[in-house]
Amino acid sequence: YRRAILGLSPTWYRSRNYRSRAVREPRKVIEEFGTTLPESMTVHVHDSTADLRYMVLPMRPDGTEDWTEENLQRLVTRDSMIGVG
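These numbers come from a predicted model, not from an experiment. (Residues numbered from 1 in each chain as written. Predicted model: local features only at pLDDT ≥ 70, side-chain atom pairs only at ≥ 80, totals over all residues. Heavy atoms only, no water.)

Draft legend 1. Region of interest: the side chain of R21. By the element assignment, R21 lies in helix 3 (residues 16–24). Since its relative accessible area comes to 17%, R21 is described here as buried. In contact with R21, not counting residues within four places along its chain, are P26, K28, V29 and E32. (Helix = DSSP H or I, 4+ residues; strand = E, 2+ residues; numbered from the N terminus. Buried < 20%, exposed > 50% of the residue type's maximum accessible area, 1.4 Å probe, protein only. Contact = heavy atoms within 4.5 Å.)

Draft legend 2. Summary view of the packing of aromatic side chains. Counted under the stated rule, the structure contains four aromatic pairs. With a centroid separation of 6.0 Å and an interplanar angle of 90°, the aromatic rings of W12 and Y13 are classed as edge-to-face. On the basis of relative accessible area, W12 is assigned to the partly exposed category, the value being 35%. Taking relative accessible area as the criterion, Y13 reaches 5% and is therefore assigned buried. Centroid distance Y13 to Y18: 5.9 Å. Interplanar angle 40°. Geometry classified as tilted. Across the pair, Y18 and Y13 agree in class, each one buried. Members of the aromatic cluster, connected to one another through ring pairs, are W12, Y13, Y18 and F33. (Phe/Tyr/Trp six-rings, centres within 6.5 Å; stacked < 30°, edge-to-face > 60°.)

Here is the structure:
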């Protein structure tokens, strides 16, 4: 979690309960944020500490093939980087 870029992380994001659930039942946690992943999509969880997170960039969104880098950067927000955007 890059504090210099994103600011302080939310308390719930650092909580033991959230981190444990994200490892045990990642699909359910993701669904609680409004995103349902197809069963054909594999979910890998890389556990870390409350102070360290790995960033996994998703596939390029459909319909953005002709977007500039600047336009694509607008999709990357604080919330999207912690899985709620």
